[in-house]
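# Understanding the architecture of this molecule
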Amino acid sequence: MADQHEPWLEEANDPLVRPYVIAQGRERGNAVQLDMISVVIAARADVDEMALEPEQVRILELCRRPQSVAEISAHLDIPVAVVKVLLGDLISRGYALARAPYTQQSPVSRDILQAVLDGIQRL
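Throughout what follows, the structure given in this document is the object of discussion.

Rules used in this analysis
- Residues numbered from 1 in each chain as written.
- Predicted model: local features only at pLDDT ≥ 70, side-chain atom pairs only at ≥ 80, totals over all residues.
- Heavy atoms only, no water.
- Core = buried A, V, L, I, M, F, W, Y, C linked by side-chain atoms within 4.5 Å.
- Buried < 20%, exposed > 50% of the residue type's maximum accessible area, 1.4 Å probe, protein only.
- Helix = DSSP H or I, 4+ residues; strand = E, 2+ residues; numbered from the N terminus.
- Contact = heavy atoms within 4.5 Å.
- Salt bridge = Lys/Arg side-chain N within 4 Å of Asp/Glu carboxyl O.
- Pairing = 2+ DSSP bridges.

The next thing to look at is the nonpolar core. Formed by 19 residues in total, the largest nonpolar core has its most connected members in V40, I59, I72, L87 and L90. Those elements that provide at least two residues to this core are α3 (54-62), α4 (69-76) and α5 (80-92). In terms of residues, this core owes the most to one element, α5, which gives 6 residues. Discounting residues that sit within four places of it in the chain, L87 has contacts with L34, V40, I59, V69 and I72.

Here it is as structure tokens:
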């Protein structure tokens, strides 16, 4: 019978091991720059779940409605850095889209909103 206090068992239960494994040892996403308030939304309804990590599938389910990186992290109870890595993969594969949130320094002008409204009315 194996000793229940073997060091490798304790390491596997370490709270830092799971995020490391989920992110496949990476600390940063590929080329996508995200911050905690970046807004993410799922880009496609058809998802090959077998080609994705379970956490990525959960992210896409959450992102059916726009979510910030911080919200995704909180919902999944995964560190923000790990969520950024997973999102970077999803974005580079075309499964999700991200953008910076609107700020008061860059509000949408009334002219743009009117042009959008005019375009919708012509449909």
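Right, picking up where we left off after that structure.
This next bit is on the pattern of salt bridges. Oppositely charged side chains can pair when the atoms bearing their charge come close. For the structure on display, the rule yields 1 salt bridge. Residue R44 is joined to D46 by a salt bridge in which the shortest nitrogen-to-oxygen separation is 3.8 Å.

Although it is not a glycine, D77 sits at a positive phi angle of roughly 55°. Of note, D77 is situated in the loop between α4 and α5.

Next up on the list: the sheet that holds strand β1 (residues 39-42). With respect to topology, 3 strands assemble into an open sheet ordered β2-β1-β3, the strand pairing being antiparallel. Each edge of the sheet is formed by a strand with only one pairing partner; in this case those strands are β2 (67-68) and β3 (96-99). Here β1 pairs with β2 via 2 bridges, running antiparallel. Residue pairing for β2: V40 is matched across the bridge by Q67.

This part is about the pairing of β1. Sheet faces and side chains relate simply in a regular strand, where the side chains alternate between the two faces. Bridge count for β1 against β3 is 4 bridges, and the pairing is antiparallel. Across the sheet, V40 pairs through a bridge with A98, a residue of β3.

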